[in-house]
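Structure at a glance
Here is how the chains run, residue by residue.
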Amino acid sequence: MDICDQFGIKATFFLVGFWVEKYPEITKQISERGFEIGTHSNSHPDMTKLSVSQQELELSTSINLIEQATGQKPKLFRPPYGAYNDNLISTAENLGLVTIQWDVDSLDWKGLSAMEITTRVMNGVRSGSIILCHNNSDHILDALPILLDRLQKRGYTFK
């Protein structure tokens, strides 16, 4: 959040319910600092392998946890592993969620260095891109300032 603030950027954080349950104060802080929070399910399963009722439970549980922590119901959903099907999209829509994917995967979760993350993103980004990063990756905090600086110098803006 601090790095994004330094660059005047408001990212969207897709949070898993069990993380929100463990860190409700950080979840609240994310919201209070003006970042959008979406759901990333409750327990991070491959939701395409769940029944519609299990999908509803995963999403409604995470929605409720986020709403309890922030006072705001999330509007966005990013499926775990990027796995989705028509049933999941319909289930999410029925719960008032818009399903989001990405087009540039930083692969930060694979232990890439800050420069490898930066190079990967810079080689894949284009106007309108959604860049996938993870809060628990080893080098994302090192990569973000470099990456955001380079993106802004190339004329990219963030919404």
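Residues numbered from 1 in each chain as written. Predicted model: local features only at pLDDT ≥ 70, side-chain atom pairs only at ≥ 80, totals over all residues. Heavy atoms only, no water.

Section: the side chain of Ser31
Inspection of the secondary structure assignment puts Ser31 in helix 3 (residues 24-32). Given a relative accessible area of 15%, Ser31 falls into the buried group. Not counting the four nearest positions on each side in its chain, Ser31 is found in contact with Ile37, Thr70 and Gln72. (Helix = DSSP H or I, 4+ residues; strand = E, 2+ residues; numbered from the N terminus. Buried < 20%, exposed > 50% of the residue type's maximum accessible area, 1.4 Å probe, protein only. Contact = heavy atoms within 4.5 Å.)

Thoughts on the pattern of salt bridges
Applying the stated criterion across every chain, the model contains 7 salt bridges. The salt bridge involving Arg33 is made with Asp5; its shortest N-O contact spans 2.6 Å. Here the residue Arg33 occupies a position in the loop between helix 3 and strand 2 (36-39), and Asp5 occupies one in helix 1 (residues 2-6), the gap between them amounting to 28 residues. Using a relative accessible area of 24% as the deciding quantity, one classes Arg33 as partly exposed. The partner of Lys153 in a salt bridge is Asp149, with the nearest N and O atoms 3.1 Å apart. Note that Lys153 and Asp149 are positioned in helix 7 (residues 140-153) at a spacing of 4 residues, about one turn of the helix. (Salt bridge = Lys/Arg side-chain N within 4 Å of Asp/Glu carboxyl O.)

Some points on the environment of Pro45
Note that Pro45 resides in the loop between strand 2 and helix 4 (52-70). Sequence-wise, Pro45 and Val98 are 53 residues apart; in three dimensions their C-alpha atoms are separated by 18 Å. In this structure Pro45 touches Leu50, Glu58, Pro80 and Tyr81, once residues within four positions along its chain are discounted.

What about the packing of helix 6 (residues 114-124) against helix 7?
It is the contact of helix 6 with helix 7, at a shortest axis distance of 8 Å, that shows an interaxial angle of 40°. Relative to helix 7, the crossing made by helix 6 is right-handed. The residues of helix 7 that touch helix 6, namely those facing Ala114, Met115, Ile117, Thr118, Val121 and Met122, are Ile140, Asp142, Ala143, Ile146, Leu147, Arg150 and Leu151. Looking at the contact of helix 6 with helix 7 residue by residue, the class counts come to 10 nonpolar, 1 polar and 2 charged. (Axes fitted to C-alpha atoms, helices over the stretch in contact; angles between N-to-C directions. Left-handed = near helix turned anticlockwise from the far one by under 90°. Nonpolar A, V, L, I, M, F, W, Y, C, P; charged D, E, K, R; others polar.)

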